[in-house]
Amino acid sequence: MTYKAVLLDIDGTLVPIGRTGVADRVVRCVEQLRRTGVKVIVATGRSGFVLTPALLGNFTADYYICVNGSLTLDADKRPMHEKRLGQQEMDALDALARQQEIVLGYTFEDAYYMYYGYDELCQKLAHLAAEDSPVDPEPKQGPGFVRNGEDRVRHYRSMPYGAVLHGVPKGTNFPMDANLSFVQFHPGSYDVYRKDLDKARTAEKLLHTLGIRLEETIAIGDGNNDVPMLRAAGLGVAMGNARPAAKAAADRVTLSVDQDGVAEVLEEIFKL
């Protein structure tokens, strides 16, 4: 099989959890691929505003699929395609946050706006930073990425791409009739996005415009939200540090992110 594109997750795949910067070896590998015409596509749960050198270092890609498929950006980070949450989905999440007293933030194009639990989240992030926890405190990526949105008016300007929940008790019943997917990325923490979206579906639409089939791609990831693209790609590769669901969905497992697992597998396959 001649692979024409590579789909890459960020956290736990390109960048170690809780740290910043893509390893030089991985950057060199990706640059070589791009020079040969292979399309490099980032597929992340993060929004576009964090895709800066502060997080990625010297790493660049041809396209960026953000917020688990809700937003697609070109190489210059200009929007190409987007799907946002609707008012019905926001109402369901707001009701869940109130009833369960959990932290709820929405992902917009400029920042995460915490509609419920802003002070609680700030205290948690300060505690994690003090402990050097592997959980990534988003604010260190740049100024103002997490904002107090408890006036709950930000969506009057534009609707959010997705949401994030923190402090979710075990056994919580999510509103399954709200057209939403709830994907855990840490105990008690969930990415929330439209049920008709995921990294694989958005990648397939983007690849179609490039004349590339999903079977002609390699997908590399580590998280639960990577499972659809690991299954759909021609070759799904889980990181050595991947969650069990990602490893089960993949065709093979490479080294961990700390061992430059992305470069290890791409150098082998493309003979770099």
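Note that the structure is a prediction, hence the values are computed from the model and not measured.

Caption draft 1: Looking closely at the environment of valine 15. Locating valine 15 in the fold gives a position in the loop between β1 (5-8) and α1 (24-35). Taking C-alpha positions, valine 15 is 7.4 Å from leucine 56, a pair spaced 41 residues apart along the chain. Each residue touching valine 15, except ones within four places of it in the same chain, is listed here: Ile10, Thr20, Gly21, Val22, Leu55, Leu56 and Val257.

Caption draft 2: Main features of the sheet that holds strand β12 (residues 217-221). With mixed pairing, the eight strands of this open sheet are ordered in space as β5-β4-β3-β2-β1-β12-β13-β14. The open sheet has two edge strands, β5 (79-82) and β14 (252-253), and neither has a second partner. Judged from the three bridges that link them, strand β4 (residues 71-74) and β5 form a sheet pairing that is antiparallel. Among the inter-strand pairings, leucine 73 is bridged to a residue of β5, identified as proline 79. In this fold helix α5 (residues 199-209) packs onto β1, β2 (39-43), β3 (63-66), β4, β5 and β12, with an angle of close to 150° to the strand it touches most, β3. Contacts from helix α8 (residues 261-270) reach β1, β12, β13 (235-238) and β14, with the element oriented near 160° to β12.

Caption draft 3: Layout of the pairing of β3. Neither face of β3 is open: one carries Tyr63 and Ile65, the other Tyr64 and Cys66, and all of them are buried. Here β2 pairs with β3 via three bridges, running parallel. Its bridge partner lying in β3, isoleucine 41 is registered against tyrosine 63. Linking β3 to β4, which pair antiparallel, is a turn of four residues; within it valine 67 sits at a positive phi near 50°.

Caption draft 4: How the structure looks around α1. Its 12 residues place the ends of α1 17 Å apart at the C-alpha level, agreeing with the 16 Å of an ideal helix rising 1.5 Å per residue. For α1, the complete set of buried residues consists of Val26, Val27, Cys29, Val30 and Leu33. The arc enclosing the buried residues of α1, seen along the axis, measures out at 165°, which places them on a common side. Summarising the geometry of α1, the exposed residues directed more than 90 degrees from the buried face are Asp24 and Arg35. Elements in contact with the buried residues of α1: β1, β2 and α8. Of the residues flanking the end of α1, it is glycine 37, one or two places downstream, whose phi is positive at about 100°.

Caption draft 5: A look at the sheet that holds strand β9 (residues 162-166). Reading across the sheet, the six strands line up as β8-β7-β6-β9-β11-β10 and stay open at both edges, with mixed pairing between neighbours. Of all strands in the sheet, those with a lone pairing partner are β8 (146-148) and β10 (180-186), marking the two edges. In this sheet, adjacent strand axes meet at a mean angle of 30° when their direction is disregarded. Sheet topology places strand β6 (residues 103-107) next to strand β7 (residues 112-116); four bridges connect them, and they run antiparallel. Within β7, the position partnered with tyrosine 106 by the bridge is tyrosine 113.

Caption draft 6: Up close: the packing of aromatic side chains. Considering all chains together, one arrives at six aromatic pairs under this definition. Considering the side-chain rings of tyrosine 106 and tyrosine 115, the 4.9 Å spacing of their centres and the 80° angle between planes classify their relative orientation as edge-to-face. As far as the burial class goes, tyrosine 106 and tyrosine 115 line up, both buried. Here phenylalanine 108 and tyrosine 113 contribute two aromatic rings whose centre-to-centre distance is 5.4 Å and whose plane-to-plane angle is 90°, an arrangement assigned as edge-to-face. Three or more aromatic residues link up through ring pairs in this structure, and these residues are Phe49, Tyr112 and Phe145. Lysine 77 extends its terminal NZ or CZ atom over the ring of tyrosine 64, reaching a point 5.1 Å from the ring centre. Just above the ring of tyrosine 116 sits the side chain of arginine 152; from NZ or CZ to the centre is 4.2 Å.

Caption draft 7: Structural detail: the nonpolar core. By size, the foremost hydrophobic cluster in this structure holds 68 residues, and its most contacted members are Leu8, Leu14, Leu56, Phe59, Ile218, Ile220 and Leu266. Other than its neighbours up to four places away in sequence, leucine 56 contacts Ile10, Val15, Gly21, Val22, Leu51 and Tyr64. With 23 residues, the next largest nonpolar core counts Ala97, Tyr106, Tyr116 and Leu180 among its residues.

Conventions and cut-offs
Residue numbers run consecutively from 1 along every chain, following the written order of its sequence. At least 70 in pLDDT is required for a residue's local features to be given in this predicted model, at least 80 for side-chain atom pairs to be given and counted, and no such filter applies to totals for whole chains, interfaces and linings, which use all residues. To obtain the side-chain values, all non-hydrogen atoms of the structure were used and water was disregarded. Where helices and strands are cited, they refer to DSSP runs of H or I of at least four residues and of E of at least two residues respectively, numbered from the N terminus. In what follows, residue pairs with any heavy atoms lying within 4.5 Å of each other are defined as contacts. At least two bridges found by DSSP between two strands is the condition for calling them paired. Lines fitted to C-alpha atoms define the axes, with helix axes restricted to the stretch in contact, and inter-axis angles between N-to-C directions lie between 0 and 180 degrees. When accessible area is computed with a 1.4 Å probe and restricted to protein chains, residues below 20% of their type maximum are described as buried, those above 50% as exposed, and intermediate ones as partly exposed. Expected helix span is taken as 1.5 Å per residue step, with the number of steps being one fewer than the number of residues. By construction, the arc corresponds to the directions joining the helix axis to the C-beta atoms. Pairing of aromatic side chains requires ring centres within 6.5 Å, counting the rings of Phe and Tyr and the six-membered ring of Trp. Pairs whose planes differ by under 30 degrees are stacked, by over 60 edge-to-face, and all others tilted. For a lysine, the NZ atom is tested; for an arginine, the CZ atom; a charge sits over a ring if that atom is within 6 Å of the ring centre and within 35 degrees of the ring normal. By nonpolar core we mean a set of buried residues, namely Ala, Val, Leu, Ile, Met, Phe, Trp, Tyr and Cys, connected to one another through side-chain atoms within 4.5 Å.

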